Amino acid sequence: LGSDGFPTTELAVNGAAFERLCLTGEIDALVFNIRVFARMKPAHKVECIEQHMKYGVTAMCGDGGNDCGALRAAHVGIALSDAEASIVSPFSSSDRSIMSCVQLLVESRAGLATSFANFAALICYGQVMCGMVKMASFYFAISLTENLWMLIDGAVATGMMLTISLSGPAKRLAPSRPTSRILGPQMLASIGGIVFINWLFGAMVYVWLFQQDWFRCNEHATAEVDANKWWLLGDNYEASILSFLSAFQFINNGFVVNYGYMFRAPWYRNYTLLVVWGFLLSFVSYMLLADPNRVGCAFRLNCGTASVLEEEFGTHVAWKIEPYNSLLGHNVIPRASRYKLWGYCIGNMVVSNVWQLFFINGPIRRLLQKRKPLRRLKVKL
């Protein structure tokens, strides 16, 4: 090896020479110097693969029956044939070009990146659900409404998780592979940053809420609560603010992990996710910004008892509303404050996406990679 750690001599060996090197133990020092393995028997091919597997992940491609043993022994085997080799090989291709190996790497890396994206989205979902929502519910003695729970679990969580996996592979093979460490620095920084940003905006929104003249805190009386009507615990401003903020965060958690970086297709190519994300964002924005209406009242957001809405807001109610369980009789947020709250929610989404784009996948990541590169096996091809 030279001073740079790369081989300075390239060799070509036949089956007999390879077998001799294996018997003498010299193959260990020369395995990366050998560029051509010619006239190899099936047993030689298996031994060759095993020698390379000592140092790293090894792939084998072949198109004949004499390649079956090596295809099976390798970490990754791809048969460039529809014959007997395709039976033992985990992967096969009818295209007999060596570029099939490159395509396999591209799609495999995209699949790994997609799996980690779904994992990150689910962790962020759990953070909002079990962290922010549950803690606020216990502290303020409130709850989200039943229809909102169904919207979050049935439409937001399910819809975003399914559409994240629809992103295709990148067009070109990246110079490095995606992370395979669930608790590695990339995953911890990505999820930790999003969690911190969500909590920060949650605290900011509640500080803002308690400063409003129209706000009246929830006066919870345990003795007067009907346990069979738990959704009435959401008939207050604390629950209304939590509902809107968490809904935007749930929607954003599925979108913020969709950036393909180098391994998946660009995020704007995942048209299904964009349609689902846009619809959910528009739907929740409408409930927040619109005056009391049938849609918002179905979720008991920006709504109130029918008589209160008619007297205080002049809203003619032509639909059934269960009487509100609060002294005010409504949780309608004033129009100007609705837009401020909407701005907080959109700001939360923007900051989370900036963190993912510039720190996790962007220039900050590239800077750290240059200063502290990962230790990789040095092989110059």
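Below or above, wherever it landed, is the structure these notes cover. (Residues numbered from 1 in each chain as written. Predicted model: local features only at pLDDT ≥ 70, side-chain atom pairs only at ≥ 80, totals over all residues. Heavy atoms only, no water.)

## Some thoughts on the overall build of the chain
Of the regular secondary structure elements, the chain holds 14 helices and 5 strands. Expected size for 381 residues packed as a compact globule is a radius of gyration near 21 Å; at 29 Å, the chain overshoots this value by more than 25%. Dimensions along the principal axes, computed over C-alpha positions, put the chain at roughly 95 × 45 × 35 Å. Within the chain, the fraction of its 381 residues that count as buried is 46%. (Helix = DSSP H or I, 4+ residues; strand = E, 2+ residues; numbered from the N terminus. Rg over C-alpha atoms; globule rule 2.2 N^0.38 Å. Buried < 20%, exposed > 50% of the residue type's maximum accessible area, 1.4 Å probe, protein only.)

## What to know about the environment of Ile27
By the secondary structure assignment, Ile27 is in helix α2 (residues 27-30). Take Ile27: its relative accessible area is 1%, and that puts it in the buried class. With 40 residues separating them along the chain, Ile27 and Asp67 place their C-alpha atoms 21 Å apart. Sequence-distant contacts of Ile27, that is, excluding residues within four places in its chain, are made with Phe18, Leu21, Cys22, Ile34 and Gln51. (Contact = heavy atoms within 4.5 Å.)

## A short note on the state of the cysteines
Tallied over the entire structure, the rule returns 1 disulfide. Residue pairing for Cys297: its cysteine sulfur links by disulfide to Cys303, the two sulfurs lying 1.9 Å apart. A torsion of 95 degrees about the S-S bond marks the disulfide between Cys297 and Cys303 as right-handed. Each member of the pair, Cys297 together with Cys303, is buried. Sulfur of Cys124: no disulfide; nearest cysteine sulfur belongs to Cys130 and is 13 Å away. In this model Cys345 remains outside any disulfide bridge; the closest cysteine sulfur is found in Cys124, 17 Å from its own. (Disulfide = S-S within 2.5 Å.)

## Looking at the sheet that holds strand β4 (residues 76-79)
The strand order across the open sheet formed by 3 strands is β3-β4-β5, and the pairing between neighbours is parallel. The two strands at the open ends of the sheet, each matched to only one other strand, are β3 (59-62) and β5 (91-92). In this structure, β3 lies alongside β4, joined through 4 bridges in parallel fashion. Its bridge partner lying in β4, Ala59 is registered against Val76. Contacting β3, β4 and β5, helix α6 (residues 99-140) crosses the sheet at an angle of about 135 degrees to β4. (Pairing = 2+ DSSP bridges. Axes fitted to C-alpha atoms, helices over the stretch in contact; angles between N-to-C directions.)

## Quick look at the nonpolar core
One broad trend across soluble globular proteins is that nonpolar side chains are buried collectively. Membership of the largest hydrophobic core comes to 59 residues, with the highest contact counts inside it found for Met160, Leu209, Leu242, Phe244 and Leu341. Breaking this core down by element, the ones donating at least two residues are α6, α7 (146-164), α8 (185-210), α9 (237-256), α10 (271-289) and α13 (335-360). Counting 8 residues, the second largest nonpolar core, distinct from the first, contains Cys297, Cys303, Val317 and Val332. (Core = buried A, V, L, I, M, F, W, Y, C linked by side-chain atoms within 4.5 Å.)

## Re a nonpolar patch on the surface
On the surface, Val350, Val354, Leu357, Phe358, Phe359, Ile364 and Leu368 cluster together into a nonpolar patch covering about 580 Å² of accessible area. Where the nonpolar patch is concerned, the elements lending two or more residues are α13 and α14 (363-371). Ranked by the residues each element gives to the nonpolar patch, the list is headed by α13, at 5 residues. Structurally, the position occupied by Phe358 is in helix α13. (Patch = residues over 30% accessible without salt bridge, like charges linked within 9 Å, V, L, I, M, F, W, Y side chains within 5 Å. Areas by Shrake-Rupley, 256 points an atom, 1.4 Å probe, with all protein chains shown as cover. Salt bridge = Lys/Arg side-chain N within 4 Å of Asp/Glu carboxyl O.)

## What to know about the packing of aromatic side chains
Tallied over the full model, the rule gives 19 aromatic pairs. Here Trp214 and Tyr237 contribute two aromatic rings whose centre-to-centre distance is 4.9 Å and whose plane-to-plane angle is 65 degrees, an arrangement assigned as edge-to-face. A residue pair is termed long-range when its members are at least 10 positions apart, and Trp214 in the loop between α8 and α9 and Tyr237 in helix α9 qualify at 23 residues. Per residue, the accessibility class of Trp214 equals that of Tyr237, and both read buried. Between the aromatic rings of Tyr259 and Trp267, the centroid separation amounts to 6.1 Å while the plane-to-plane angle is 80 degrees, which identifies the pairing as edge-to-face. On the accessibility criterion, Trp267 (33% relative accessible area) is partly exposed. (Phe/Tyr/Trp six-rings, centres within 6.5 Å; stacked < 30°, edge-to-face > 60°.)

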